[in-house]
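Chains, contacts and geometry: an overview
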Amino acid sequence: MTLRRNIPLLYAFSFLQMTLFPMAVITLFWKDQIGLSLSEILLLQSIFAVAMAAMEYPSGYISDRIGYRAALTAASALGVVGWAVYTAATSFRDVLIAEILLGIATSFISGTDSALLYESLKEQGEETAYARHEGRTTFFGQTGEAAGALFAGVLYARYPLLPFFLQVGVWVLALFLTRRLTEPSRERHHQASHLKEALASVRYVFVRNRRLRATILLSIALGLASFYPVWLIQPYMRDCGVPLASFGPVWAGANLVVAFFAVLSHRARLRLGDRPMILLLVMLVWAGYLGLGWTAGAWSFLFYYLLTAMRGMRGPLLLHLVQDEIPSANRAGMLSLQSLCFRLLFACTAPLVGRYADAAGAGGTFRLLAVAYLLVLPPLVYLFFRHRHADGVPACKGGT
């Protein structure tokens, strides 16, 4: 019964984690209050990604050993400190320190929360319901972000630091919540050599299990498709003449779209099947980028909602497929490997995207990304379909 309590607690943690009061206006805060350019902002996010990448697998590895509850508690404490630094930030260096702290906090959450949810369900014999609960977790998370964003523009206009002070309070609440989680009793077959076990996990994810590798590559590509616009949509809307007071409601709407389609994802998969679902995700990416790149009206931001709809459906679908291929003993660590690759790719490409955005504008950048995804997605989808039906996936050796 205590493990069943983890599920609503994880819903609540997701809500708090994603209740980001500054998010809907943070690009404007960086530009207007700190004085950063778009290239500096994307550089900042690439450094954030590097900080996460540096800790991504170690944090998952640590979570598998010290426990998911302890890892989430540590992440919440770092979240409190990171947002507190933001309240006193006046330069690129100050913002960088805050972002590094928040990056480490996010890396401890990444993979750990999903692993705790899956293992809690597995111990009760309900792991087949994982996608449904993951969708609900995403729903609560995006609802939290929508709630935080709804009045972000008004709060920012009244006092630019007010959203950041509220954010510190949110993470204090998350810290108290993580103390009520229950650690599941799972498999813990670990080797004496940490390095050997880590290398065995890497081989299993990227060499031995072709289904897992193809699924992760497609998931990363689709994840990046929904991530670049997060940092470009605010200057894009300002260029299109969207009033500042509307930024919060627009951001809230985007997150509600993610929430709605995350809940819908499980039912859509049961009705359509995996192949039509994947093709639908690809079509949403193409339509979203083409619309953002080749229109420039006050309502053009609505094409961004196509990308957020894709984001909502992608998470529960592909994460469930990944979870089914991963052994329990190293679950958080292997999930973190996927996030590690995502962060490294973003760290490598974000400064280039930011530099191009400074030169060509957000609209021109969306056109470039549209062409890139028209070329990149078809071969990844082909590999995914080819390997999903492959048999004989080997068991993970070396501690799992």
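Analysis parameters
Residues numbered from 1 in each chain as written. Predicted model: local features only at pLDDT ≥ 70, side-chain atom pairs only at ≥ 80, totals over all residues. Heavy atoms only, no water. Helix = DSSP H or I, 4+ residues; strand = E, 2+ residues; numbered from the N terminus. Contact = heavy atoms within 4.5 Å. Phe/Tyr/Trp six-rings, centres within 6.5 Å; stacked < 30°, edge-to-face > 60°. Buried < 20%, exposed > 50% of the residue type's maximum accessible area, 1.4 Å probe, protein only. Lys NZ or Arg CZ within 6 Å of the ring centre and 35° of its normal. pLDDT = per-residue confidence, 0-100. Axes fitted to C-alpha atoms, helices over the stretch in contact; angles between N-to-C directions. Parallel < 35°, antiparallel > 145°, perpendicular 65-115°, else oblique. Left-handed = near helix turned anticlockwise from the far one by under 90°. Nonpolar A, V, L, I, M, F, W, Y, C, P; charged D, E, K, R; others polar. Core = buried A, V, L, I, M, F, W, Y, C linked by side-chain atoms within 4.5 Å.

**Thoughts on the environment of P316**
- Relative to the elements of secondary structure, P316 occurs in helix α14 (residues 304–324).
- A sequence separation of 120 residues divides P316 from K196, and the C-alpha atoms of the two residues are 31 Å apart.
- For P316, the residues in contact, after removing those within four places along its chain, are A131, E134, G135, A262 and S265.

**Here's the deal with the packing of aromatic side chains**
- Counting across every chain of the model gives 18 aromatic pairs.
- On the numbers, 4.8 Å between centres and 70° between planes, the contact of F227 with F346 is edge-to-face. Note that F227 is positioned in helix α11 (residues 210–239) and F346 in helix α15 (residues 331–388), a separation of 119 residues in sequence.
- Given the relative accessible area of 17%, F227 is considered buried.
- Since its relative accessible area comes to 1%, F346 is described here as buried.
- Ring-pair connections join several aromatic residues into one group, and the members of that group are F29, W83, Y86 and F164.
- Looking at R275, its charged tip hangs above the ring of F385, at a distance of 4.1 Å from the centre.

**Points about the confidence of the model for the protein chain**
- Looking at the protein chain, pLDDT values average 83 and 93% of them are 70 or higher.
- The model gives residues 396–400 a pLDDT under 50, and that stretch makes 19 contacts with residues more than four places away or in other chains.

**Overview of the packing of helix α4 (residues 68–86) against helix α6 (residues 112–123)**
- Between α4 and α6, the shortest axis-to-axis distance is 10 Å and the interhelical angle comes to 150°. Taken together, α4 and α6 sit at an angle that is classed as roughly antiparallel. Viewed along their axes, α4 and α6 form a crossing whose handedness is left-handed. The residues of α6 that touch α4, namely those facing Y68, A71 and L72, are T112, D113, A115, L116 and E119.
- By residue class, the composition of the contact of α4 with α6 is five nonpolar, one polar and two charged.

**Focus: the nonpolar core**
- Ranked by size, the top nonpolar core spans 128 residues in total, and within it W30, Y86 and Y289 carry the most contacts.
- With near-sequence residues (within four places) excluded, W30 lies in contact with G35, L36, I41, L44, Q45, Y86, V95, E99 and W231.

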